Amino acid sequence: MASLSFSAPSYHAESLVSRYSLSHSSFPLNESRSRFQLSGVVKCDMNESLKFENGKPCVPVLNDRTLPSFLESRRMEKSVSRNIDRLKIFSGTANPTLSKEIAWYMGKELGKINIKRFADGEIYIQLEESVRGCDVYLVQPTCPPANENLMELLIMIDACRRASAKTVTAVVPYFGYARSDRKTQGRESIAAKVVANVITKAGADCVLACDLHSGQSMGYFDIPVDHVYCQTICSNDLVVVSPDVGGVARARSFAKKLSDAPLAIVDKRRHGHNVAEVMNLIGDVKGKVAVMVDDMIDTAGTIAKGAALLHQEGAREVYACCTHAVFSPPAIERLTSGLFQEVIITNTIPTLEKNYFPQLTVLSVANLLGETIWRIHDDCSVSSIFL
């Protein structure tokens, strides 16, 4: 029996960049010392003797952020402490469990936020702590109900902007509307571009997304997008299978990480939305462990018909690996029909208890997203995570 596991990269509980924890210190008022204010610019707690000219103390002029020696050490201490405290993480209502895991990995507490619905369904959001001058990260996947969760994210961004946050990063583990990324017929909308526009206009400075449906969606944003991927770790004697032509690049990337494992492609013809028909298989899977890799499972029509074809072509075992488990009906019935040895997903979308079944394995991406947030905050490389 071949063994298979699918996991996001795991990291130690501390970031690769050193974390500092310095206690807040303030200048104590000491009546025995001389204390005065320089024309409303800075307050000085004097602990060194001053030079006097004509009976008046002479204080060095503060130019180009240069401070006198008696302030330099305290300035550096407070700047490091403030840098750590400037990072704030807030969670929406879409996936609070994942938000808590991310905060735990980072050694932070989730920010206090009040989110409620009015009787008519309108969303009310109020930050219950100061974010002035802070780098704020808002964790909110736009999973079902997609429209409500998207609107909540937009209002959270606006609340942070109006509270004078320095930067606002939208952490969107699952980016809804990503499948509508191009025109396949006349008079169709490109909803992915519309959503990118509204997130940008709401005031986001950056977006952190996980396994977008297609890489071209990053180009729809006029702000930086950090795109992270989940990774597989598999056994030998396997073949990586793309369930459709559009996922070939993703499957090829996984195959390269597995010592250039063989690649197979399921050729399908779609007659409508959420309706797929398998036509042909490109590649050899006979006697091998087939690993179907996709970004999401919605109704499971594509991946189930692909698995049936793989069994017909002689695959020994079939595994399904995806990042986003949307699980719209009748996905569970199709996934539990005996076609799959194991179905491996992540927690970018919360899985309802009624959707659990024996072959299902759920892995957390909290470490991956937490480490990425630290690297963004510390101005370090994100792509090096995957090297």
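Rules used throughout
Residues numbered from 1 in each chain as written. Predicted model: local features only at pLDDT ≥ 70, side-chain atom pairs only at ≥ 80, totals over all residues. Heavy atoms only, no water. Helix = DSSP H or I, 4+ residues; strand = E, 2+ residues; numbered from the N terminus. Buried < 20%, exposed > 50% of the residue type's maximum accessible area, 1.4 Å probe, protein only. Contact = heavy atoms within 4.5 Å. Areas by Shrake-Rupley, 256 points an atom, 1.4 Å probe, with all protein chains shown as cover. Axes fitted to C-alpha atoms, helices over the stretch in contact; angles between N-to-C directions. Parallel < 35°, antiparallel > 145°, perpendicular 65-115°, else oblique. Left-handed = near helix turned anticlockwise from the far one by under 90°. Nonpolar A, V, L, I, M, F, W, Y, C, P; charged D, E, K, R; others polar. pLDDT = per-residue confidence, 0-100. Pairing = 2+ DSSP bridges. Expected span 1.5 Å × (residues − 1).

Asks: Tell me what's going on with the overall build of the protein chain, and back it up with residues and numbers.
Replies: Along its length, the protein chain carries eight helices and 20 strands. Taken across its 387 residues, the protein chain has 48% of its residues classed as buried. Of the contacts formed within the protein chain by residues at least 6 apart in sequence, a portion of 63% connects residues at least 24 apart. In the structure as shown, the protein chain presents an accessible area of about 19900 Å², 51% of it carried by carbon and sulfur atoms.

Asks: Account for the packing of helix α3 (residues 146-162) against helix α4 (residues 191-202), naming residues and giving values.
Replies: Here α3 crosses α4 at 20 degrees, and the two axes come no closer than 8 Å. Considering their axes alone, α3 and α4 lie roughly parallel with respect to each other. Crossing angle aside, the handedness with which α3 passes α4 is right-handed. Facing α3, whose interface residues are L150, L153, L154, I157, D158 and R161, α4 presents V195, V198, I199 and A202. Its residues assigned to classes, the contact of α3 with α4 comprises eight nonpolar, no polar and two charged.

Asks: Mind laying out the confidence of the model for the protein chain, listing which residues take part and the relevant values?
Replies: Per-chain confidence: the protein chain averages 81 in pLDDT, with 74% of residues scoring 70 or above. pLDDT under 50 marks residues 55-68. Its contacts with residues more than four places away, or in other chains, come to 15 contacts. Counted against residues more than four places away or in other chains, residues 78-82, with its pLDDT under 50, gives six contacts.

Asks: Explain the side chain of D295 to me, using residue names and the numbers behind them.
Replies: Among the structural elements, D295 can be located in strand β17 (residues 289-297). Non-local contacts of D295, meaning those with residues more than four positions away in its chain, are made with D211, L212, H213, R250, C322, T323 and H324.

Asks: Any details on the pairing of strand β12 (residues 225-228)? Residues and values, ideally.
Replies: Of the two faces of β12, both are covered, the one formed by V225 and H227 as well as the one formed by D226 and V228. Looking at chain direction, strand β11 (residues 206-210) and β12 are connected through four bridges and run parallel. Directly across from A209, in β12, lies its bridge partner H227.

Asks: I'd like a description of helix α6 (residues 301-312), backed by residues and values.
Replies: Across its 12 residues, α6 extends 17 Å between first and last C-alpha, which sits within 8% of the 16 Å expected from 1.5 Å per residue. All of the buried residues in α6 are G301, T302, I303, A304, G306, A307, L309 and L310. Following α6 by one or two positions, G314 has its phi on the positive side, about 95 degrees.

Asks: Let's hear about the pairing of strand β7 (residues 113-117): which residues, and what values?
Replies: Here β7 runs beside strand β8 (residues 123-127); their pairing, made up of five bridges, is antiparallel. When the bridges of β8 are listed, I115 appears paired with I125. Between the end of β7 and the start of β8, which pair antiparallel, lie five residues, with G121 showing a positive phi angle near 95 degrees.

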